[in-house]
Every structure is written in C-alpha cells, then in structure tokens.
Amino acid sequence: MTDTMDTGTDEAVSRPRKSSWTYIGPGIVVAATGVGAGDLVATLIAGSKFGYTLMWAAVIGCVVKISLAEAAGRWHLATGRTLFEGWRSLGRWTTVYFAVYVVVWGFVYGATAMSSSALPIVALFPDGPGLKTWAVITGLIGLVFVWFNQYAVFERVMTVLIGVMFVVVVYVAIRVVPDVGASFAGLLPVLPDGSLLYTLGLIGGVGGTITMAAYGYWVNAKGWTNTGWMKVMRLDNRVAYITTGLFVVAMLIIGAELLHSSQIALTKGDRGLIDLGTILEDRFGGTTAKLFLVGFFATSFSSLIGVWHGVSLMFADFVERIRKERVGAAADEAGKTTEEVASGERERSVPFRAYLLWLTFPPISLLFLDEPFGLVVVYGVLGAFFMPFLALTLVWLLNSSRTPKEWRNGILSNVMLTAAGLLFVVLCVQQVRDIPW
C-alpha cells in the first residue's frame, strides 16, 4: 500500500503526504532509551577483548533490532490495536506474565536507572552530594518531567539527548584514531576462541529491552494510527537503529584502540564508564574526559526518562484492557478505534501516573539497602525471558488472522524474527545460568 491510497475519510486526513525525514521521532526515542550505560560497557569490553573482530556482530544486531521494532510498529498501524491487546488474544498466560514482569522489573530497574544517571554527575562534581542523593534527584527530575509533559516535548528532549550521545561517542572514537583497515576486516564473520557469548550479546543486547515493545505506543502517541504511516514508520525505525549501530561501532573502536592494545580491563556494569573516563583523562586530558562524562549522563538519563514514559504507557494500556474502562465504549460511540481515543488520554491517565510513581519511589529503598536476594533472582529470570517472549509472540501475531493479510509477515520478516527469537532464547538460557541462585 502506498501513502496516496485512501481507505476512508478519517484515515486519509491522518496520513502523511509523503514519507519524509521531518516526521522522524519515535525511532529516535526507542533508540535513545534502549541503549543504556551497561550496554556501552558490554560493547567496550567486547572491543577490549577481541579488537575489531566482532564488528560484523554489531551490524547484524542492528538489522535484528530493525526487524523487531518494525514488527511492533506494523502491528499497531495495521490492526489499530495495541501490542498488549495482541498479547491478550494469545491467551491469559500473557497477561499473567506481563503483570508479574512489569511490577518486579519496574521496581528493580528504577533503582538501576537512577544510580546509572547519578554516576557521571558524581564524577563531574566530586565535591557535591553523594551517589545516592544524586540518584534520588535524577529519579525525581524524571518523574516531574514525564508527569507534566506529553509526547511532543518528551520527543524533543530525547532527540537532544541522543544528539549529545552521538556527538560525544563519535568524537571519542575519532580521537583514538581508528584502524580503518581493521574495521572493514571486522565485517567478515569470524568467531575467535571464547567469543561466542560476547558475539551473541552484541547481536541481541544493545538496544534490546522492553522499550522495543513500547515503540508501537510511541508511534501512536506521535499521531500515527493507520497504514498510511507505514512507510514513515519504517524510515523512522531504520534511521533509529542505524544510529544505534553507529554507537556500537564507535564503542567497539574505542574498546579496540584504547583498551585492547594496552590490555586494560574495565569494571563490569555502569561503573566501567567511570573507568573509561579516567583512562581518557590520562590519554587526552580533562576536557575530553568531562565531555565523555556528559555523554555518559545523556545515555543514562535518556534511558531513565524513556522508560518512565514508554513503560508507563504500556502499563496504562495493560490496566485499561484489564478493567475495560470507558475508553472502549466512548470509541465505539464515536466510530473510532479504541487506540485513537486512548492515545490522547493515556499520558494523563491514573494508571500511567501510578506506574511513574512506582518506578520512582519504591526503588529508592533499594538505593539504601542491599537488593533482596529473592527479588534479584526473580528480576533476572523475568528479564531474561522478555526478549524471546517479544520476538516469538510477534511471529505468532503477524502470521495469524489477527493481522490484515497484506500486512502479515513476508519470508524475510519471518526469517529475521524467528532468528531473533532463537538468539534471545540462547541468551535467556545463559542469563538464567548466570543468576546467583
């Protein structure tokens, strides 16, 4: 279907005249949210251990994410239904899984996101408040920002943050003087000894979180509600994950040039970026190190407010569908789809704001206490299963009669989504094995 076809008055009014770069937005949001500080550290460590050898894995990972996000967006636009509605149609088990997942995941992730955002601030201002204080401050800022601003402002701020991330990471990659020949050689698929898990992690890890499922919700929040926006959505999605791929490549270059040759090891997790800041200061001076810390903050804080907004949208939809609120009846009376009514109201709804509070205040307790062992185990298990759940349910939904025939998966989509699902199953098994039972 092209952008010039009309399928009804309302749809014709709400479709773009042509596919244009000026519409791009939700993809940038999902890319900025999905790439966290921990992802960048994992990429750095892969570069430090194997140099440029795994560059090809970064490229494949980019293609995998394009396929997943495109499938989520296509479901929303082709059916006029949200992803959670699709999950509910597959059986009650999806509702139970998502309910447990979103509550436990949000509790633990809230503390993680706040700590990650606070780390670079403490490094930039060592004489100021401590890590826990800054963590609480960043969480409260995220809460207030998302509470009082709707999607349009949120998107603009996320665009600025991803711009800062991009400029800083690429600048540092240029400063370390990449080996262009080795970079291109790294595009040839090779698996060095001991690199399998790092390779799978590069393909499946960076930019792969619950926020990929939120992409369709951001698409609707942007005002894209029907198939007339399909080409725009696909352009938006490709730009986003090509940008993500450039991030990964730049971090691999930094790891290969700055760490691999010197055999320098980084701390795992977000604190590894603090280590890198120290290395950059020794190599290039304080200005480059501080600039990098600013990029570190943009990376972490964009993930924080992205989750605060995107997962709250998903939770609000979850509650709306379970409770069968008045939105559905109002939509029927107005002759519109439920999503067209809900998309304008969801950011102001009680469930949306309730989940914002859940992401912010209960996790503060984890900043001052050791995380309960049982909670860590449940969080690890649920988190490991989410990406296989997303990939395989999208295969199911987009090959069934739930999706209009012309928008169902083709051969390429099925191959990519199935491969992604199998990849995430392998990563899931490994993550579960690594949990400290």
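This text follows the structure it describes.
**Here we look at the overall build of the protein chain**
Counting its regular elements, the protein chain contains 19 helices and 0 strands. Residues classed as buried in the protein chain amount to 56% of the 437 residues present. Counting contacts in the protein chain only where the partners sit at least 6 residues apart, residues at least 24 apart contribute 84% of the total. Split by element, the accessible area of the protein chain, about 18000 Å² in all, is 65% carbon and sulfur.

**Structural notes on the packing of aromatic side chains**
Per the counting criterion, the structure on display carries 22 aromatic pairs. Taking 5.2 Å as the distance between ring centres and 85° as the angle between the ring planes, the aromatic pair formed by Tyr 23 and Trp 229 counts as edge-to-face. In this pair, Tyr 23 is assigned in the loop between α1 (9-13) and α2 (26-34) and Trp 229 in the loop between α11 (211-221) and α12 (230-260), connecting sequence segments 206 residues apart. Ring geometry for Phe 84 against Phe 98: centres 5.7 Å apart, planes inclined by 45°, an arrangement best described as tilted. Here Phe 84 is found in helix α5 (residues 83-89), whereas its partner Phe 98 is found in helix α6 (residues 92-124), with 14 residues between them in sequence. Look at Phe 84 and you get buried, because its relative accessible area is 1%.

**Side note on the nonpolar core**
Grouped together as the largest cluster of nonpolar side chains are 137 residues, with contacts concentrated most on Leu 68, Trp 87, Trp 308 and Phe 386. Here this core gets 17 residues from one element, more than from any other, and that element is α12. Beyond its immediate chain neighbours, meaning those up to four positions away, Leu 68 contacts Met 212, Met 387, Ala 391, Leu 394, Leu 417, Ala 420 and Phe 424.

**A closer look at the pattern of salt bridges**
Following the criterion strictly, the structure yields 7 salt bridges and no others. The residue Asp 317 makes a salt bridge to Arg 321 at a minimum N-O spacing of 2.5 Å. Placement of the pair is Asp 317 and Arg 321 together in helix α14 (residues 286-323), with a separation of 4 residues, close to one helical turn. The buried category is assigned to Asp 317, whose relative accessible area is 0%.

**What to know about helix α19 (residues 411-434)**
For an α-helix the count is 3.6 residues per turn, leaving residues at separations of three or four pointing the same way. Between the first and last C-alpha of α19 there are 35 Å, a value that for 24 residues agrees with the 34 Å anticipated at 1.5 Å per step. Along α19, the positions that sit buried rather than exposed are Met 416, Leu 417, Ala 420, Gly 421, Leu 423, Phe 424, Leu 427, Cys 428 and Gln 430.

**Overview of the environment of Val 146**
With respect to the element layout, Val 146 can be found in helix α7 (residues 131-148). When the C-alpha positions of Val 146 and Gly 306 are compared, they lie 9.0 Å apart, and in sequence the two are 160 residues distant. Excluding anything up to four places from it in sequence, Val 146 contacts Ile 305, Trp 308, His 309, Phe 352 and Leu 356.

**Quick word on the side chain of Glu 155**
With respect to the helices and strands, the residue Glu 155 is situated in helix α8 (residues 151-175). In terms of polar contacts, Glu 155 uses its side chain to reach the side chain of Tyr 151, at 2.7 Å. For Glu 155, the contacting residues outside a window of four places in its chain are Ile 24, Gly 25, Pro 26, Val 29 and Lys 222.

**Digging into the packing of α2 against α12**
Direction vectors running N to C along α2 and α12 enclose 30°, while the axes themselves pass 7 Å from each other. Comparing the axis directions of α2 and α12 gives the class roughly parallel. Both α2 and α12 take part in a crossing whose hand is right-handed. Judged by residue contacts, Pro 26, Gly 27, Ile 28, Val 30 and Ala 31 of α2 engage Asp 236, Val 239, Ala 240, Tyr 241 and Thr 244 from α12. Its residues assigned to classes, the contact of α2 with α12 comprises 7 nonpolar, 2 polar and 1 charged.

Parameters at a glance
Residue positions within a chain follow its written sequence, with the count starting from 1. The predicted nature of this model means local features are confined to residues of pLDDT at least 70 and side-chain atom pairs, given and counted, to a pLDDT of 80 or more, with totals for whole chains, interfaces and linings taken over all residues. To get the side-chain values, all heavy atoms of the structure are used, and hydrogens and water are removed first. The helix and strand labels rest on DSSP assignments: H or I over at least four residues marks a helix, E over at least two residues marks a strand, and numbering proceeds from the N terminus. The buried label applies to any residue whose accessible area, calculated with a 1.4 Å probe on protein chains only, is under 20% of its type's maximum; exposed applies above 50%, and partly exposed to all values in between. Note on contacts: a residue pair is in contact if any heavy atoms of the two residues lie within 4.5 Å. In this description, accessible areas are obtained by the Shrake-Rupley approach with a 1.4 Å probe, and a residue is regarded as covered only by the protein chains that are shown. Here the aromatic set is Phe, Tyr and Trp, taking the six-membered ring for Trp, and pairing holds for ring centres within 6.5 Å; pairs whose planes are under 30 degrees apart are stacked, those over 60 apart are edge-to-face, and all others are tilted. To define a nonpolar core, start from buried Ala, Val, Leu, Ile, Met, Phe, Trp, Tyr and Cys residues and group those joined through side-chain atoms within 4.5 Å. What makes a salt bridge here is a side-chain nitrogen of Lys or Arg within 4 Å of a carboxyl oxygen of Asp or Glu, nothing more. One less than the number of residues in a helix, times 1.5 Å, gives the span that helix is expected to have. A 3.5 Å cut-off defines polar contacts: any pair of N or O atoms within that distance qualifies, except that in protein one atom must be a possible hydrogen donor and the other a possible acceptor, and neighbouring residues in sequence count only when both atoms are side-chain atoms. Every axis in this analysis is a line fitted to C-alpha atoms, fitted for helices over the stretch in contact. Angles between the N-to-C directions lie between 0 and 180 degrees. In these notes the angle categories are as follows: under 35 degrees is roughly parallel, over 145 is roughly antiparallel, 65 to 115 is roughly perpendicular, and the rest is oblique. Two helices cross in a left-handed way if the nearer one is turned anticlockwise from the farther one by less than a right angle. They cross in a right-handed way if the turn is clockwise. Only Asp, Glu, Lys and Arg are considered charged in this grouping, and only Ala, Val, Leu, Ile, Met, Phe, Trp, Tyr, Cys and Pro are considered nonpolar; every other residue, Gly among them, is considered polar.

Function cannot be inferred from these measures alone, as they are strictly geometric.
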